[in-house]
Amino acid sequence: MELTRRQLLAGVGATTLAAAGIYELAERAGRAPSRPEVTARPPEQHVLGGLRVVTDNNVEVVVPPLHHEIVTLRLPAGGPADLRDAQRRLAQVLAGLDQDYPSSPAGLGVTVGWGLPYFRGAVAAPARDHVPIDRRASRSAGHPVSVLLDAIRFPSDTSGVLLEQNDAVLLLRSDNPAHIHDAHERLVGNLDVWQPTSIRRGFVGGGFDGGEGLPHRLAVAAGVPGADLIPEQAELFLGFTSTQKASLGAERIANIETLGYSDGGPGGYFRQGTTMHVSHIFEDLESWFLTFDDRQRAATVFGPARNVPEGTLTVSQGKDDVPSVAAIRKDASRYARIGHSPAIQQTSRLAVDVVGRDGTTYAKGTAVPIRADFNTLDNPFYWSADPGRDGVSPEARAGLHFVVFNPTSDDFHRNRMAMDGVLPGGRRLPLAPRDPGQGFNSVLTTTHRQSFLVPPRRHRSFPLAEMLQG
Ligand code: HEM
């Protein structure tokens, strides 16, 4: 049964009504920044053109799209013929959206990802040969490891984390909410090749030109606890800018093939593809702003050795700002604190210069993951097909829909383990995963997570379905 936006809002499943009103405010409040014109459309689904870079506190910052939506989906039962028909119909709608919108924040970013249930079910036969192997992870494990892995519970996760089993996911991004609504209607409301299991909405930024950012404005409007403590111009609820150009993977570095972790599978089917991790995280704003003072908050993100003047939101994260493990250990024993970024950087930055498969030389200290996370007032989702299982509540609540593109799922696991103080090879940093001194972890609660394989644009619709017999 197709669920139009109106039916969804009319309560088929459960909507966080408080959030519904807030998102209308977001759509009225968000002022689309000027953006460079974009014509080219990259073979990668996860690379957006027309991204604006501004300078804040002498640091280059990438300005992400204002509005975001994630839809997770499951497939109806069906045979090979149905799948090929579904592949054709989805491809048509996606091509229509490409026609109507440039792949940029001013236009619309559409990314389609596919979960392990899809590769283990509908297209299991061709998937066995075609889903690429992660060479680095296979070497460490001593057996073949796929680029796409089941999500796991990390040391700082609470026991209630739901490891999801969706067949597919849609990520929609734009400065213009009308473009996201239109894409939702065309890809979900008016298309029955799949069924939504959840809708997740959110926003980021909006304060880079000196005005009030959406995080402060919407959190205050929703009356969430601690909202008035959020810095007015902050890009994110927790205050600090998180899209420094130097700390985001650039262009093709997060492609499956670029750093040589994989060749993209037979015939390079998945070359120019990537993997995407999606999780939902509640943020305890009061604990963050009331139990950490300004200096402690900066030390918790950037490490206790960084001298960050009070009130600073944007801190440089260049290649030379990456501390060694020895320096982190010294800080931990001296200040009982490890920064979010310094810990993660032990795995998210290149340890040596690398000449990529694209011929580019990526210098030591270059960031690899491309984060696309955004804040939300969903609790935990805007809509769920199973509100009981997902714990949906009508009260608006501060959180983050975390989205990151990594060359492989194992690469993401290395980053996420490092965030909890566990480094490759099992070396442990000296603080417990949820210790208030271990980065943000003590004020974050993850509720849901899953990883997806993001094919290149040419294979984004029902990948491998064309290879099915029968
Ligand atoms: C509510 C949760 C989170 C918030 C508010 C947050 C915020 C931030 C901020 C402010 C930075 C530093 C600025 C920067 O270097 O760009 C950062 C860096 C980063 N975060 Fe998070 N983060 C969160 C969760 C996560 C999670 C779950 C991961 C998963 C691994 C993650 C991965 C990263 C990475 C890879 C970097 C860049 C490190 C580098 O410089 O290479 N973050 N984050």
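Everything here concerns the structure above.
About the cut-offs
Residues numbered from 1 in each chain as written. Predicted model: local features only at pLDDT ≥ 70, side-chain atom pairs only at ≥ 80, totals over all residues. Heavy atoms only, no water. Helix = DSSP H or I, 4+ residues; strand = E, 2+ residues; numbered from the N terminus. Rg over C-alpha atoms; globule rule 2.2 N^0.38 Å. Buried < 20%, exposed > 50% of the residue type's maximum accessible area, 1.4 Å probe, protein only. Contact = heavy atoms within 4.5 Å. Areas by Shrake-Rupley, 256 points an atom, 1.4 Å probe, with all protein chains shown as cover. Lys, Arg positive; Asp, Glu negative; His and termini not counted. Charge placed at Lys NZ, Arg CZ, Asp CG, Glu CD. Expected span 1.5 Å × (residues − 1). Near = heavy atom within 4 Å. Polar contact = N/O pair within 3.5 Å; in protein donor to acceptor, adjacent residues only side chain to side chain. 1 Å grid on protein atoms, 1.4 Å probe; cavity = no way out; pocket = protein on both sides within 12 Å on 5 of 7 lines; lining within 4 Å. Sits in = over half its atoms within 2 Å of the grid points. Nonpolar A, V, L, I, M, F, W, Y, C, P; charged D, E, K, R; others polar. Points joined across faces, edges and corners; volume = space filled by probe spheres on them. Phe/Tyr/Trp six-rings, centres within 6.5 Å; stacked < 30°, edge-to-face > 60°. Lys NZ or Arg CZ within 6 Å of the ring centre and 35° of its normal. Axes fitted to C-alpha atoms, helices over the stretch in contact; angles between N-to-C directions. Parallel < 35°, antiparallel > 145°, perpendicular 65-115°, else oblique. Left-handed = near helix turned anticlockwise from the far one by under 90°. Donors = N, O, S within 2.8 Å, 3.2 Å for Na, K, Ca; no water.

Student: Honestly, the overall build of the chain in this entry has me stumped. Any pointers?
Tutor: If you tally the helices and strands in the chain, you get 14 helices and 16 strands. Taken against the 2.2 N^0.38 rule, which gives 23 Å for 470 residues, the C-alpha radius of gyration of the chain at 21 Å falls within 12% of a compact globule. Viewed in the frame of its principal axes, the chain has a C-alpha envelope of about 65 × 50 × 45 Å. Looking at the chain residue by residue over its 470 residues, the buried ones come to 60%. The contacts in the chain between residues at least 6 apart in sequence include a share of 79% that link residues at least 24 apart. Taken as a whole, the chain presents about 18000 Å² of accessible surface, with 51% of it coming from carbon and sulfur. Side chains of the chain give 48 positive and 51 negative charges; the mean places of these two sets differ by 5 Å.

Student: Teacher, can you tell me more about helix α3 (residues 80–100) here?
Tutor: Helical geometry note: an α-helix holds 3.6 residues per turn, so side chains three or four residues apart project in the same direction. Here α3 is 21 residues long and its end C-alpha atoms lie 30 Å apart, about the 30 Å a rise of 1.5 Å per residue gives. On its buried face, α3 sits against β5 (109–114) and α7 (177–189).

Student: Can you help me understand the site of the ligand in this one?
Tutor: What surrounds the ligand is a group of 26 residues, the closest being S247, H340, Q345, S348 and R349. Between an oxygen atom of the ligand and a side-chain N or O atom of Q244, the distance comes to 3.0 Å. Within the contact set of the ligand, an oxygen atom lies 2.6 Å away from a side-chain nitrogen or oxygen of S247. The cavity where the ligand resides is the largest cavity. Those elements that provide at least two residues to the shell around the ligand are β9 (274–283), α10 (294–302), α12 (340–348), β15 (399–406) and α14 (409–419). If one sorts the elements of the shell around the ligand by residue count, α12 sits on top with five residues. When the residues that make up the shell around the ligand are grouped by side-chain class, the tally is 12 nonpolar, 10 polar and four charged.

Student: When you look at empty space enclosed by the protein in this model, what are you seeing that I'm missing?
Tutor: Under the criterion given, the structure shown has three cavities of 30 Å³ or more. A volume near 760 Å³ is recorded for the largest cavity. Forming the boundary of the largest cavity are 41 residues, of which H340, I344, R371, F402 and F440 lie nearest the centre. By residue number, the principal contributor to the lining of the largest cavity is α12, which donates five residues. Volume-wise, the second largest cavity comes out at about 100 Å³. Y23, A26, E27, H67, H68, E69, P177, I180, H181, R201, G202 and F203 are the residues that line the second largest cavity. Sorting the residues of the lining of the second largest cavity by element identifies α2 (17–29), β4 (67–74), α7 and β8 (195–203) as the ones contributing at least two each. Taken together, the residues of the lining of the second largest cavity sort by class into five nonpolar, four polar and three charged.

Student: Help me understand the packing of aromatic side chains, please; the structure alone is not making it clear to me.
Tutor: One pass over the full model with this rule turns up 16 aromatic pairs. Seen in terms of ring centroids, W288 and F292 are 5.1 Å apart; in terms of plane orientation they differ by 45°. Their pairing is tilted. Taking relative accessible area as the criterion, W288 reaches 0% and is therefore assigned buried. A connected cluster of aromatic rings, assembled from ring pairs, spans W114, Y118, F119, W194, Y269, F270 and F462. For the cation-ring pair, R397 lies above F282, with the distance from its terminal atom to the ring centre recorded as 3.6 Å.

Student: Quick question: what am I supposed to make of the packing of α3 against α7 here?
Tutor: Two packed helices can be described by the angle between their axes and the distance between those axes. It is the contact of α3 with α7, at a shortest axis distance of 10 Å, that shows an interaxial angle of 160°. Considered as vectors, α3 and α7 are oriented roughly antiparallel to each other. When the axes of α3 and α7 are compared, the crossing they make is right-handed. Residues L90, V93, L94, G96, L97 and D100 of α3 form the contact with α7, whose own contacting residues are D182, A183, R186 and L187.

Student: How do you make sense of the packing of α10 against α12 when you look at a structure like this?
Tutor: Viewed as axis vectors pointing N to C, α10 and α12 meet at an angle of 5°, and their least axial separation amounts to 3 Å. The angle between α10 and α12 falls in the class roughly parallel. Between α10, through T300, V301 and F302, and α12, the contact on the second element is made entirely by H340, S341 and P342. Among the residues making up the contact of α10 with α12, the classes are represented as three nonpolar, three polar and no charged.

Student: Got a minute to help me understand the coordination of the iron atom of the ligand in this structure?
Tutor: Expected angles at a metal are 109.5 degrees for tetrahedral coordination by four donors and either 90 or 180 degrees for octahedral coordination by six donors. Protein coordination of the iron atom of the ligand is limited to a single donor, H340 (NE2), positioned at 2.2 Å. With respect to the secondary-structure elements, H340 resides in helix α12.

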